[in-house]
Amino acid sequence: MALMINDECSSCGACEAECPNTAISEGEDHYRINPDLCTECVGFFAEPQCTSVCPTDSIIPDPARTEDKDALLAKFKKIHPDKEPVLS
Ligand code: SF4
Ligand code: SF4
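Calculation criteria
Along each chain, residue indices are assigned from 1 in the same order as the chain's sequence is written. Naming scheme: in the order in which they are written, chains are lettered from A and ligands are numbered from 1. In keeping with the model being predicted, local features are shown solely for residues with a pLDDT of at least 70 and side-chain atom pairs are shown and tallied solely at 80 or more, while totals for entire chains, interfaces and linings include all residues. Proximity of a residue to a molecule or strand is defined by its backbone-placed C-beta atom lying within 6 Å of that partner. Side-chain classes are defined by residue name, with Ala, Val, Leu, Ile, Met, Phe, Trp, Tyr, Cys and Pro counting as nonpolar, Asp, Glu, Lys and Arg as charged, and the others, Gly among them, as polar. Helix and strand labels come from DSSP, where a helix needs a run of H or I of at least four residues and a strand needs a run of E of at least two; each type is numbered from the N terminus. Counting other C-beta atoms within 10 Å of a residue's C-beta gives its exposure: the residue is buried at 20 or more, exposed at 12 or fewer, and partly exposed in between, where C-beta atoms are placed from the backbone. Here, residue contact means that the backbone-derived C-beta atoms of the two residues sit within 7 Å.

**Q** It is not clear to me how the site of ligand 1 should be interpreted in this structure. Could you clarify?
**A** By nearness alone, 14 residues border ligand 1, and Cys19, Cys38, Cys41, Pro48 and Cys50 come closest of all. Within the shell around ligand 1, the residues separate by chemical class into 9 nonpolar, 3 polar and 2 charged.

Shown next, in the form of structure tokens:
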């Protein structure tokens, strides 16, 4: 499933540069994740990269976007049609 950023975000900006899909951007109140671009890092890394750098643990699964690994891989292929996924 895609991840989301909750209200605990301190807008430090650390997560933005970690995202291989440029899914993270600064929002009005706090940083946000575009669920159409978040693959949980499937296709690039074995684990989500943004969560490990977040000092406030405010990046969590988005219950409105439950997607299994196949769906996340399909999303990766849609975003990066010319790129071979790193399978883990
Ligand atoms: S889990 Fe990966 S793809 Fe999703 S927002 Fe975080 S860094 Fe980006
Ligand atoms: S790393 Fe965490 S606290 Fe910093 S901007 Fe991203 S979600 Fe917010």
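**Q** What's the story with the environment of Met4 in this structure? I'm lost.
**A** On the secondary structure map, Met4 appears in strand S1 (residues 3-5). Residue class for Met4 comes out partly exposed when judged on the 17 C-beta atoms lying within 10 Å of it. With 40 residues separating them along the chain, Met4 and Phe44 place their C-alpha atoms 19 Å apart. In this structure, Met4 is in contact with Ile33, Ile60 and Asp62, ignoring residues within four places of it in sequence.

**Q** Is there a simple way to explain the site of ligand 2 in this structure?
**A** Residues in contact with ligand 2 amount to 16 residues; listed here are only the nearest, Cys9, Cys12, Cys15, Tyr31 and Cys54. Across the shell around ligand 2, the residue classes break down as 10 nonpolar, 6 polar and no charged.

**Q** Please explain the environment of Lys78 as it appears in this structure.
**A** Relative to the helices and strands, Lys78 is located in helix H2 (residues 69-79). The class of Lys78 is exposed, set by 11 C-beta atoms lying within 10 Å.

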